[in-house]
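# Breakdown of the fold
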Amino acid sequence: MNVSLVAWSIAALTRPVSEVTLKTMSGKQNDHRQYMAYPALPVRHFATKKAKAKGKGQSQTRVNINTTLVEDIINLEELDEEMKSVMEALKDNFNKTLNIRTSPGSLDHITVVTADGKLALNQIGQISMKSPQLILVNMSSFPECTAAAIKAIRESGMNLNPEVEGMLIRVPIPKVTREHREMLVKLAKQNTNKAKDSLRKIRTNAMNKLKKSKDKTSEDTLRLIEKQISQMADDTVAELDRHLAVKTKELLG
């Protein structure tokens, strides 16, 4: 295979099709026309191990693959959405459960394991604020779920110690102490690590999917896609860490 054509095919993955130019060349025999492709931008070359070691610590060249050109191999847009969903789930967790002052809304989405499956606490109990120091959960509609609700509140990671009073669950709001703040920061770090675990699974699944295409896709193309996937995952990890830093600062005051 023509070396320049191979180089072009790899380079074309990283830009819109409209940016790839075609040049007509007239052949002498039978006046056939041949079309040679010329990339509009310089080709990215992969560094050798020695070059990588030498450039360690320096900024690495970023790739930006044209997703439509590799969609038969892997759906990068779908992969990007999966990674973004991990980020959004962590942000949602931070906003709903990791706050200095516990509010009724903080308890809404605590998951309760019942005989009918997993349900949000606000689906089986009426949550209200009795006073700035006390939240009440009325379980009169589903009294059989009271024990499960107490267990879920206690194990929510919000440092809550519920007490039962008939069909009412009383939830004293913890005082805002330095210890309480540090406990919330610890929970934020744990939740961030869980998010990173989810992200690693998404990346691993994507890489395994690529391996299935190695017989019908060039090694250089696969390597470029792998770099794009790793770059997407690294960007998401950096975003997770950024949100953790912001939340930590907020919690510690």
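Rules behind the numbers
- Residues numbered from 1 in each chain as written.
- Predicted model: local features only at pLDDT ≥ 70, side-chain atom pairs only at ≥ 80, totals over all residues.
- Heavy atoms only, no water.
- Helix = DSSP H or I, 4+ residues; strand = E, 2+ residues; numbered from the N terminus.
- Buried < 20%, exposed > 50% of the residue type's maximum accessible area, 1.4 Å probe, protein only.
- Contact = heavy atoms within 4.5 Å.
- Areas by Shrake-Rupley, 256 points an atom, 1.4 Å probe, with all protein chains shown as cover.
- pLDDT = per-residue confidence, 0-100.
- Pairing = 2+ DSSP bridges.
- Axes fitted to C-alpha atoms, helices over the stretch in contact; angles between N-to-C directions.
- Patch = residues over 30% accessible without salt bridge, like charges linked within 9 Å, V, L, I, M, F, W, Y side chains within 5 Å.
- Salt bridge = Lys/Arg side-chain N within 4 Å of Asp/Glu carboxyl O.
- Lys, Arg positive; Asp, Glu negative; His and termini not counted.
- Charge placed at Lys NZ, Arg CZ, Asp CG, Glu CD.
- Parallel < 35°, antiparallel > 145°, perpendicular 65-115°, else oblique.
- Nonpolar A, V, L, I, M, F, W, Y, C, P; charged D, E, K, R; others polar.
- Polar contact = N/O pair within 3.5 Å; in protein donor to acceptor, adjacent residues only side chain to side chain.

### As for the overall build of the chain
When helices and strands are tallied, the chain shows eight helices and eight strands. Burial status across the chain gives 34% buried among its 253 residues. Restricting the contact set of the chain to residue pairs at least 6 apart, pairs at least 24 apart contribute 63%. A total accessible area of about 16400 Å² is found for the chain, and carbon and sulfur atoms account for 50% of it.

### Some words on the confidence of the model for the chain
This prediction gives the chain a mean pLDDT of 79; 75% of its residues lie at or above 70. Note on residues 1-6: pLDDT under 50 across the span, and one contact to partners over four residues away in sequence or across chains.

### Comments concerning the sheet that holds strand β7 (residues 163-165)
Across the sheet, four strands lie side by side as β5-β6-β8-β7; this open sheet has antiparallel pairing. Of all strands in the sheet, those bounded by a partner on one side alone are β5 (126-131) and β7. Strand-to-strand, the axes of this sheet are offset by a mean angle of 30 degrees, without reference to chain direction. With five bridges connecting them, β5 and strand β6 (residues 134-138) associate as antiparallel partners. The residue of β6 that forms the bridge with I127 is V137. Relative to the sheet, helix α6 (residues 146-154) contacts β6, β7 and β8 (168-172), its axis offset from that of β8 by approximately 10 degrees.

### Digging into a negative patch on the surface
Residues E71, D72, E77 and E81 make up a contiguous surface patch of negative charge. Mapping D72 onto the fold places it in the loop between α2 (49-54) and α3 (76-97).

### A short note on the packing of helix α7 (residues 178-211) against helix α8 (residues 219-252)
In the contact formed by α7 and α8, the axes pass within 10 Å of each other and the chain directions differ by 170 degrees. Classified by the angle their axes make, α7 and α8 are roughly antiparallel. Across the contact of α7 with α8, the residue classes tally to 17 nonpolar, four polar and nine charged.

### Describing the pairing of β8
Because side chains alternate across β8, one face comprises the buried residues I169 and V171, and the other comprises L168, R170 and P172, none of which is buried. Pairing geometry for β6 and β8, over five bridges, is antiparallel. Each residue of the ladder has a partner; that of I135, found in β8, is V171. Bridge count between β7 and β8: three bridges; the pairing is antiparallel. Among the inter-strand pairings, V164 is bridged to a residue of β8, identified as I169. Between β7 and β8, which follow one another and run antiparallel, lie two residues, and G166 among them has a positive phi close to 70 degrees.

### Side note on the environment of S140
Checked against the element boundaries, S140 lands in the loop between β6 and α6. It is 7.5 Å that separates the C-alpha atoms of S140 and G125, two residues lying 15 residues apart in sequence. Polar contacts involving the side chain of S140 include one to the side chain of N138, which spans 2.9 Å.

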